[in-house]
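Chains, contacts and geometry: an overview
The residues making up each chain are set out below.
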Amino acid sequence: MRQNLQSGGRLRPVDLARRHGLSTQAVRNYEAAGILPAAERSAHGYRTYTPRHARALHAFLALVPGHGHRTAAAIMQAVNRDSVEDALRLIDDSHVQLLDDRRTLQAVEAALRDLRPVPEERGDTFVGPLARRLGPQHRDPRTGYRIYGPVDVRDALLVHQLRRGGHLLEQIAPLISQVRSAGGVAPLESTLRDWQARLSARGRALLTGAAALDAYLGRPPAHGAGPSVSATAPSATV
């Protein structure tokens, strides 16, 4: 029988698990980790949950896509130990990181607009697999220190920025090679579009998580209106 969370009835671990596509062990693990409040026990020692636990689980699952599992867990743990300010600071940090990543993307786009073709360079010493893709190393004849030209610095910065965007080195190296030889943005256009789409998805996910957490913080919700235990978990594939 479907549980009505507005009735204040008790819920079993399986009631929470099934409605969110989880295992009962996952629900127990979330409780043990402090992501859910501690459950009451029946006379026979069985866990019993309440609408508050359902709202906590809903909030956690809504936070994961925008913040990641670790930060979402830390947010819920802070809330459940009545350290709401700590939770809010973690949320602020995620928004700051998203803003930084947006600025990084803008910097990459601006840098690519100014790219020019560069000649293929040979005969110099390379250090490491990435250096083979980024360009030659030169040494100051007086000091022996390695020095890099403007093109090398530009490419190194692009690598750093693309890494910040979530791309692997083996994905970046061919792109840098193409950019250096072609001097155009075409090899990176689809990558930048995908990066922008993922940033937008994170932004929306942060909003969704904030709404769910706000509902949990307002326990019990006004007029008994809380999310149903049948609410499905948001996708965590952002």
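Please read these numbers as outputs of a predicted model, since none were measured by experiment. Once a new chain begins, its residue numbering starts again from 1 and follows that chain's sequence as written. Given that the model is predicted, a residue must reach a pLDDT of at least 70 before its local features are reported, and side-chain atom pairs must reach 80 or more before they are shown or counted; all residues, however, enter totals for whole chains, interfaces and linings. To get the side-chain values, all heavy atoms of the structure are used, and hydrogens and water are removed first.

The helix and strand inventory of the protein stands at 9 helices and 4 strands. Across the protein, helices and strands are ordered from the amino to the carboxyl terminus as α-α-β-β-α-α-α-α-β-β-α-α-α. Each residue gets one of three labels from its accessible area relative to the maximum for its type: buried under 20%, exposed over 50%, partly exposed in between, using a 1.4 Å probe on protein chains only. Going through the 238 residues of the protein one by one, you find that 39% of them count as buried. Partitioning the intrachain contacts of the protein with sequence separation of at least 6 by distance along the chain shows that 64% fall at a separation of at least 24. Of the roughly 13700 Å² of accessible surface on the protein, a fraction of 52% belongs to carbon and sulfur atoms. A run of H or I in DSSP becomes a helix once it reaches four residues, and a run of E becomes a strand once it reaches two; helices and strands are each numbered from the N terminus. Contact definition: two residues touch when any of their heavy atoms are within 4.5 Å. Per-residue and other accessible areas follow the Shrake-Rupley method at a 1.4 Å probe size, with only the shown protein chains counted as cover for residues.

With that settled, the discussion passes to the packing of helix α3 (residues 51–67) against helix α4 (residues 69–80). For every element, the axis is a line fit to its C-alpha atoms; helices are fit only across the contacting stretch, and the angle between N-to-C directions ranges from 0 to 180 degrees. Put simply, α3 and α4 touch, their axes get as near as 7 Å, and they point 140° apart. Seen from above, α3 lies across α4 with right-handed handedness. In contact with A56, A59, F60, L63, V64 and H67 of α3, α4 contributes H69, T71, A72, A73, I75 and M76. The nonpolar class holds Ala, Val, Leu, Ile, Met, Phe, Trp, Tyr, Cys and Pro. Asp, Glu, Lys and Arg form the charged class, and all remaining residues, Gly among them, are polar. Broken down by class, the residue content of the contact of α3 with α4 amounts to 9 nonpolar, 3 polar and no charged. A clockwise turn of the near helix away from the far one marks a right-handed crossing, whereas an anticlockwise turn of less than a right angle marks a left-handed crossing.

Salt bridge, as used here, is a side-chain nitrogen of Lys or Arg placed within 4 Å of a carboxyl oxygen of Asp or Glu. Overall, the coordinates contain 7 salt bridges when judged by the stated rule. Two residues, R10 and E40, come together in a salt bridge whose shortest N-O distance is 3.4 Å. Taken together, the residues span a long stretch of sequence, with R10 in the segment before α1 (13–19) and E40 in strand β1 (residues 40–41) at a distance of 30 residues. Residue class for E40 comes out partly exposed when judged on its relative accessible area of 43%. For D101, the salt bridge identified is with R202, shortest N-O distance 3.0 Å. With a gap of 101 residues between them, D101 in helix α5 (residues 84–113) and R202 in helix α9 (residues 186–217) connect regions that are remote in the sequence.

Once that is clear, we can look at the nonpolar core. Counting 29 residues, the largest nonpolar core has L16, F60, M76, L213 and Y216 as the members making the most contacts within it. Every element with two or more residues in this core is listed here: α1, α2 (24–32), α3, α4, α5 and α9. When residues of this core are assigned to their parent elements, the largest contribution, 9 residues, is made by α3. By size, the runner-up hydrophobic cluster in this structure holds 15 residues, among which are L158, I176, L192 and W195. Residues grouped as a nonpolar core are buried Ala, Val, Leu, Ile, Met, Phe, Trp, Tyr and Cys residues, joined through side-chain atoms within 4.5 Å.

Looking at where H67 falls in the secondary structure, it is placed in helix α3. Think of a polar contact as two N or O atoms within 3.5 Å of one another; within protein, one of them needs to be a possible hydrogen donor and the other a possible acceptor, and neighboring residues in sequence only count if both atoms come from side chains. For H67, the side chain forms a polar contact with the side chain of S94, separated by 2.7 Å. Apart from the residues within four sequence positions on either side, H67 is in contact with A72, I75, I91, S94 and L206.

What follows covers unusual backbone geometry. With a phi close to 65°, D82 is a non-glycine residue in the positive phi region. Mapped onto the secondary structure, D82 falls in the loop between α4 and α5.

Our next topic: α2. Buried within α2 we find A26, V27, Y30 and E31. Down the axis of α2, the buried side of the element spans an arc of 140°, and every buried residue falls inside it. Close packing links the buried residues of α2 with α1, β2 (47–48), α3 and α4. A positive backbone phi angle near 85° is found at G34, which sits one or two residues after α2. Comment: arc refers to directions from the helix axis out to C-beta atoms.

The analysis is restricted to geometry; functional conclusions fall outside its scope.
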